[in-house]
Amino acid sequence: MSVSIAKQGYQLGHGHDDHDHEQVIYQETRDMRLLGFVLFLCSDVVLFSSFIFAYIYLRTTVAPIWPPMIDGHQLPRLDTAFAAVNSVVLFGSGVTMHYALENWKHGTRAMYNLFMGLTILLGAMFLGGQAYEYAHAQIGGWSGNTFGASFFTLTGMHGFHVFVGVVFLAVLWWQSSRGVYDHERYFGLTAGTLYWHFVDVIWVALFFLFYLW
Amino acid sequence: MATIAPGVKTGPYHAVLDHIHPEPTSFIRKYIFSIDHKVIGIQYMITGGLFFLIAGMLAEVIRYTLLQPQGQMGISAATYNGVYSMHGSAMVWLVIIPLVTGAFGNFVMPLQIGARDVAFPWLNLLAFWMFPVAGVILFSSFLIGAPDAGWTEYPPISVQGPPGTTLWCIAIFLIGVSSTLTGINFIVTIYKMRAPGMTLTRMPLFVWAQFATAGLSFIATTALAAALLALFCERVFNVPFYDPSRGGSPVLWQHMFWFYSHPAVYIMILPAFGIVSEVLPTFSRKPIFGYKMIAFSTVAIALLGFSVWAHHMFTSGMVPWLQLPFMIITMLIAIPTGVKIFSWVATLWGGSIRWTTPMLFATGFLITFTLGGLTGFFLAAVPADYHEHGTYFVVAHFHYVLYGGSVMGLFAGFYYWWPKMTGRMYNEAMGQWHFWITFVAFNCTFMPMHWLGLMGMPRRVPIYDPAAWYVFWNQFASISSFVLAASMLLFAYNFWSSFRSGKIAGPNPWGARTLEWMISSPAPYYNFKKIPAVLATPYDFGNPLPYLGLEAAEGATEATPTHSSHPVPTY
Amino acid sequence: MEGLAGVEKIIALIGAIVVFIFALIGLRGEWKKTGLDDQVTKLLLGLMAFGCVLVVLAAFGVLPRGGGA
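Throughout, a residue's number is its position along its own chain's written sequence, starting from 1. Whichever chain is written first is A, and whichever ligand is written first is 1; the rest continue in order. Restriction of local features to residues with pLDDT of at least 70 applies here, the model being predicted, together with a cutoff of 80 or more for giving and counting side-chain atom pairs; totals for whole chains, interfaces and linings are based on all residues. Based on all heavy atoms of the structure, the side-chain values leave hydrogens and waters out of the count.

(A) Fine view of the overall build of chain C. When you go through chain C residue by residue, the secondary structure sums to 2 helices and 0 strands. A separation threshold of at least 6 residues defines the contact pool for chain C, and within that pool the share at least 24 residues apart is 55%. In the structure as shown, chain C presents an accessible area of about 3800 Å², 74% of it carried by carbon and sulfur atoms. Put simply, DSSP marks the helices as runs of H or I at least four residues long and the strands as runs of E at least two long, and each gets a number from the N terminus on. Here, two residues are considered to be in contact whenever any of their heavy atoms come within 4.5 Å of each other. For every accessible area listed, the method is Shrake-Rupley and the probe measures 1.4 Å; residues are considered covered only by the protein chains on display.

In structure tokens:
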């Protein structure tokens with residue numbers, strides 16, 4: 001069947017009462033927004049992929065050794081143990097976000113609030129950990145060498161996404177407390193969850209590339 | 001409630017859907033910050049047209065400089081560098097890409113799929129307004145020293161280049177965001193908002209082209225954004241990405257840049273393919289030959305377009321073993337392109353052809369684009385490319401595909417849809433003169449560049465061998481380019497006078513069959529009084545129109561839209 | 001494992017296992033759903049679980065090769 005029939009003014013088979021019809025319109029509007037949002041995330045993946053390509057390229061085809069030599073000394077590796085803890089914090093926030101959305105769908109408001117708060121807290125903790133990491137990474141700063149350039153640009157972009165995500169989730173939390181969403185119509189929460197998962201998964205790649213490779 | 005087609009029913013419209021946004025009446029909401037796709041499309045056209053004028057004048061400065069071989073025309077080398085860099089950048093990002101997607105995509109595509117607007121009208125408004133802002137930023141770089149490394153801005157020259165290069169980064173980044181947003185908007189629109197019964201294989205071919213183009217732009221453009229961000233950081237914060245003395249690599253820029261810019265070539269040409277696929281069957285009065293083959297080859301070109309970028313880099317010192325696969329995949333693109341050319345020629349075969357201006361431009365497109373495609377084959381061959389890289393042969397090639405392809409396609413589309421935009425006809429005789437002058441002057445301008453390039457004349461250099469042969473062909477090309485520019489006056493005058501006092505066109509002056517011609521001209525604010533149901537492809541000339549529900553709409557006397565395209569606000 | 005790094009690795013290991021398990025439970029709950037958002041969630045939750053595996057490997061010193069910090 002063709003798409004968006006209700007949006008175009010056609011009745012979808014049966015269903016004449018106001019609520020049904022409005023529900024169909026809601027559903028199709030939501031589907032369009034969802035598709036648009038997923039496409040936006042896809043293009044954001046390309047943004048990160050390009051910088052990841054740059055990092056791999058500089059590391060494997062340009063640099064003679066890695067980490068690179070600066071003034072006759074080889075740069076140290078990054079602190080894997082600390083980053084592992086910080087990664088767990090971020091992945092954990094992804095899981096709590098998932099359960100926040102599930103609880104919203106099932107109407108268990110208290111659990112939703114718990115998980116949502118936990119997600120925002122963990123997200124903020126991750127940002128704090130990143131700040132600590134930036135202060136302690138001994139790799140010559142952003143503009144010192146290609147290691148620092150790749151590391152600070154990629155994790156900086158990611159950190160910016162996390163920051164935007166924390167604000168995004170805080171706004172969603174506030175909106176849901178104000179009754180903007182109900183348990184059938186909550187597209188904002190879906191979008192926030194997808195965005196937050198996306199940010200986590202980008203970190204999986206960055207964690208591997210910078211700390212484990 | 002009546003069943004008008006299998007699975008498609010009409011009935012009394014519902015109270016919820018009667019939530020009408022009336023047409024805005026204030027000048028600002030109607031013409032400046034409109035969310036109507038048709039107005040936005042025309043805004044793109046006007047803005048892109050102005051940028052075309054500026055970028056075209058820059059081209060004439062280039063040709064003026066080259067009238068004499070040793071810089072006797074008084075244009076300094078530094079100015080020349082800025083001029084050709086800005087000419088290329090503006091033509092690609094401020095003229096062709098916004099015109100083929102923003103202008104024609106916005107104006108025509110929703111009409112052709114039977115929608116009342118795009119999926120996200122406000123996003124469309126936002127994307128449009130980034131475009132003039134980006135243009136102003138780009139051209140203002142002339143004030144502080146224009147970028148001088150060509151439109152490709154290869155490092156390390158661009159890293160050390162004049163301050164305007166930073167503005168160039170910002171402007172291109174902005175236009176890239178705009179293009180990405182438009183791409184997302186179009187994909188959702190085409191995927192979700194087609195009229196009932198319009199399956200994917202019943203879509204007009206222009207819509208197929210926009211679909212593939214939108215896919216290219218929302219995936220590839222962010223790669224350019226990354227390259228620009230890195231260049232920006234390197235110029236402003238001294239972050240080493242591209243500087244070889246600090247462990248960076250100029251070749252890295254070329255990879256990231258061409259990963260976008262090769263697909264961008266198809267962003268620029270696919271919509272022109274789409275326009276030609278609409279114009280040729282209409283004026284041949286014949287079903288398009290090989291509908292599915294044209295549609296699928298469009299998608300094939302878009303997909304292959306992602307895996308050929310390094311053919312721009314054969315001489316850059318990239319890994320040698322990669323040259324062969326890139327050469328082969330590049331040559332593979334000739335297959336879907338050849339399928340299209342064949343199908344278009346076969347559409348003409350045995351048709352009752354009417355030589356109107358759009359038809360002339362479309363057939364002109366067939367000739368010049370094919371020539372440009374053939375030289376592309378030379379450039380894709382690694383051994384030949386070693387000789388031709390960085391010469392005027394390349395300039396000739398991409399002007400044949402971009403001017404002879406995209407711009408000729410744009411002209412065809414402009415003449416074709418002008419009656420739909422304004423409700424008036426242009427002057428046919430003047431339009432045909434415009435075509436013939438354009439076609440002859442275009443070939444005289446760019447054809448000599450092939451042999452100039454083969455003889456080794458490098459691009460982007462204001463001085464050249466003063467031997468009589470070089471001087472003659474350069475002057476020949478320059479004078480032809482002045483004629484080409486002058487032909488634009490005819491074009492502008494034609495549309496100005498048509499806009500003022502052209503003959504009233506009526507809903508369907510060409511006897512075309514796609515949906516946009518089924519409604520009055522200019523198209524009403526809400527596009528369709530009633531959304532029709534679609535039963536077949538639009539190209540079956542000789543059969544009854546494949547639309548249901550239009551007759552009732554035409555019978556209605558008052559223009560009362562039954563509901564708006566903007567659904568009830570929901571979250 | 002010595003000093004602070006050892007403590008961090010133990011925290012990371014335990015955390016990763018807990019998160020991994022809850023990610024898998026979440027994934028199981030999503031498994032039968034077919035909406036676009038559900039499909040994307042499946043993919044992303046799966047990749048997140050993979051991230052937990054990476055953390056476990058890091059905690060045991062399997063990655064990075066050569067030990068790391």
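(B) Inspection of the nonpolar core at higher detail. Of all hydrophobic cores here, the largest spans 267 residues; its most connected members are F207(A), W93(B), F104(B), W344(B) and F365(B). Non-local contacts of F104(B), meaning those with residues more than four positions away in its chain, are made with M45(B), L99(B), M109(B), F206(B), Q210(B), I275(B), L410(B), G413(B), F414(B), W417(B) and M421(B). As used here, the term nonpolar core means buried Ala, Val, Leu, Ile, Met, Phe, Trp, Tyr and Cys residues forming a set that is joined through side-chain atoms within 4.5 Å. Each residue's exposure class comes from its accessible area (1.4 Å probe, protein chains only) as a fraction of the maximum for that residue type: buried when under 20%, exposed when over 50%, partly exposed otherwise.

(C) The arrangement of the environment of Y99(A) in detail. Positionally, Y99(A) belongs in helix α2 (residues 80-106). Residues Y99(A) and L114(A) lie 15 residues apart in sequence; the distance between their C-alpha atoms is 9.7 Å. Each residue touching Y99(A), except ones within four places of it in the same chain, is listed here: F115(A), F22(C), I25(C) and G26(C).

(D) Molecular detail of the packing of aromatic side chains. All names here are of chain B. Centre distance within 6.5 Å is the pairing criterion for rings of Phe, Tyr and Trp, where only the six-membered ring of Trp is used; planes under 30 degrees apart are then read as stacked, over 60 as edge-to-face, and the remainder as tilted. Applying the stated rule across the entire model yields 87 aromatic pairs over all chains. Ring geometry for Y44 versus F131: centroids 5.5 Å apart, planes at 20°, classification stacked. Taken together, the residues span a long stretch of sequence, with Y44 in helix α2 (residues 37-65) and F131 in helix α4 (residues 121-144) at a distance of 87 residues. With respect to burial, Y44 and F131 carry one shared label: buried. Centre to centre, the rings of W93 and F257 are 6.4 Å apart; their planes meet at 80°, and the pair counts as edge-to-face. Highlighted residues: W93 in helix α3 (residues 77-112) and F257 in helix α8 (residues 250-284), separated in sequence by 164 residues. The same class applies to W93 and to F257, which are both buried. Note that R513 overlies the ring of F541, its terminal NZ or CZ placed 5.6 Å from the centroid. We call a charge positioned above a ring when the Lys NZ or Arg CZ atom is no farther than 6 Å from the ring centre and deviates by at most 35 degrees from the ring normal.

(E) Highlighting the packing of helix α11 (residues 334-348) of chain B against helix α12 (residues 357-380) of chain B. Residue and element names in this part refer to chain B. Viewed as axis vectors pointing N to C, α11 and α12 meet at an angle of 150°, and their least axial separation amounts to 11 Å. Taken as axis vectors, α11 and α12 run roughly antiparallel relative to one another. When the axes of α11 and α12 are compared, the crossing they make is left-handed. Facing A334, T337, I341, W344, V345 and L348 of α11, the residues of α12 in contact are M359, T363, F365, L366, F369, T370 and F377. Broken down by class, the residue content of the contact of α11 with α12 amounts to 10 nonpolar, 3 polar and no charged. To define axes, lines are fitted to C-alpha atoms, for helices over the stretch in contact only, and angles between the resulting N-to-C directions are given on a 0 to 180 degree scale. Our angle categories are set so that under 35 degrees counts as roughly parallel, over 145 as roughly antiparallel, 65 to 115 as roughly perpendicular, and the remainder as oblique. What makes a crossing left-handed is the near helix being turned counterclockwise from the far one by less than a right angle; a clockwise turn instead makes it right-handed. For this classification, the nonpolar set comprises Ala, Val, Leu, Ile, Met, Phe, Trp, Tyr, Cys and Pro, the charged set comprises Asp, Glu, Lys and Arg, and every other residue, Gly included, is treated as polar.

(F) Seen up close, the interface of chain C and chain A. Between chain C and chain A, the contact holds 34 residues from the first and 33 residues from the second. Only one rule defines a salt bridge in this text: a Lys or Arg side-chain nitrogen within 4 Å of an Asp or Glu carboxyl oxygen. Run the count over chain C and chain A and you get 2 salt bridges. The residue D37(C) makes a salt bridge to R30(A) at a minimum N-O spacing of 2.8 Å. Side-chain atoms alone can form a polar contact between residues adjacent in sequence; in general such a contact is a pair of N or O atoms within 3.5 Å, and within protein one must be able to donate a hydrogen while the other accepts it. If you look at where chain C meets chain A, you find 4 residue pairs in polar contact (both at pLDDT 80 or more). Take the side of chain C that touches chain A: its biggest share by element is 15 residues, from helix α2 (residues 36-59) of chain C. Of the residues contributing to the side of chain C that touches chain A, the split by class is 22 nonpolar, 5 polar and 7 charged.

Fair warning: the whole summary comes from geometry, so function is off the table for now.
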